[in-house]
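Each chain, letter by letter, is given below.
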Amino acid sequence: MTTADLLAAWREATRAAELAERLAQIATESAERAETSALGSEEIADLAEQTAASAAKAAERARTAAIQARELARLGREERLAGAQSTVTTARALEADAKSLYHEAEAESRRRHDGANGAGNRG
């Protein structure tokens, strides 16, 4: 082999080593993003469970309001009207509670997801 051949081989080996280093860096970053994404997914799942539990509570309160409405239907006209208004007020309050719980969970999910993505993108 000539010195020119050795120089060419050395340059090829250097390029191969640099490429391997870049690929290793990309693989490391990809693994870190996957881990961050998995953690975010777990947090979203936890929030979904909390939201489901809140929805179950809201449904139970709505069921109670429906039972109260049925009982109020047996009362006199004025009492029925007052009871109906109370039921509407209760149902609207339940709706507002459920809406608020949903938006809070969604916002928390976005904050966690954005925070996880922001932490994974720094660097």
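In this report, we go over the structure that sits alongside the text. Model, not experiment: these values are computed from the prediction.

Quick look at the overall build of the protein chain now. A count of helices and strands for the protein chain gives two helices and zero strands. Considering only C-alpha atoms, the protein chain reaches an extent of 110 × 15 × 15 Å along its principal axes. Evaluated residue by residue, the protein chain yields a buried proportion of 10% over its 123 residues. About 9500 Å² of surface is accessible on the protein chain, with carbon and sulfur atoms providing 57% of the total. Looking at the protein chain, you have 17 positive and 21 negative side-chain charges, and the mean spots of the two groups are 9 Å apart.

Moving on, we get to helix α1 (residues 3-73). Counted at 1.5 Å a residue, the expected span for α1 with its 71 residues is 105 Å, and the 102 Å between its end C-alpha atoms agrees. Among all positions of α1, only T36, G40, L47, S54, A58 and A65 are buried.

Turning to a nonpolar patch on the surface, a few remarks are in order. A cluster of nonpolar side chains, namely L19, L23 and I26, defines an oily patch on the protein surface of about 280 Å² accessible area. You can see L23 is positioned in helix α1.

Moving on, we get to the side chain of T87. Among the secondary structure elements, T87 is positioned in helix α2 (residues 77-121). Classification of T87 by relative accessible area gives buried; the value is 17%. Discounting chain neighbours no more than four positions away, the residues touching T87 are A65, A69 and L72.

Moving on to the pattern of salt bridges. Side-chain pairs of opposite charge can arise where the charged atoms are in close proximity. Following the criterion strictly, the structure yields six salt bridges and no others. With a shortest N-O distance of 2.7 Å, E108 and R111 are connected by a salt bridge. Residue E108 and its partner R111 are located together in helix α2, separated by three residues, close to a single helical turn. Looking at E108, the relative accessible area reads 22%, which means it is partly exposed. Between E108 and R112 there is a salt bridge, with its nearest N and O atoms 2.8 Å apart. Highlighted residues: E108 and R112, both in helix α2, separated by four residues, approximately one helical turn.

What follows covers the side chain of S109. Mapping S109 onto the fold places it in helix α2. Excluding its chain neighbours within four sequence positions, the residues that come into contact with S109 are I44 and L47.

Conventions used here
Residues numbered from 1 in each chain as written. Predicted model: local features only at pLDDT ≥ 70, side-chain atom pairs only at ≥ 80, totals over all residues. Heavy atoms only, no water. Helix = DSSP H or I, 4+ residues; strand = E, 2+ residues; numbered from the N terminus. Buried < 20%, exposed > 50% of the residue type's maximum accessible area, 1.4 Å probe, protein only. Areas by Shrake-Rupley, 256 points an atom, 1.4 Å probe, with all protein chains shown as cover. Lys, Arg positive; Asp, Glu negative; His and termini not counted. Charge placed at Lys NZ, Arg CZ, Asp CG, Glu CD. Expected span 1.5 Å × (residues − 1). Patch = residues over 30% accessible without salt bridge, like charges linked within 9 Å, V, L, I, M, F, W, Y side chains within 5 Å. Salt bridge = Lys/Arg side-chain N within 4 Å of Asp/Glu carboxyl O. Contact = heavy atoms within 4.5 Å.

Interpretation in functional terms is not warranted from these geometric data alone.
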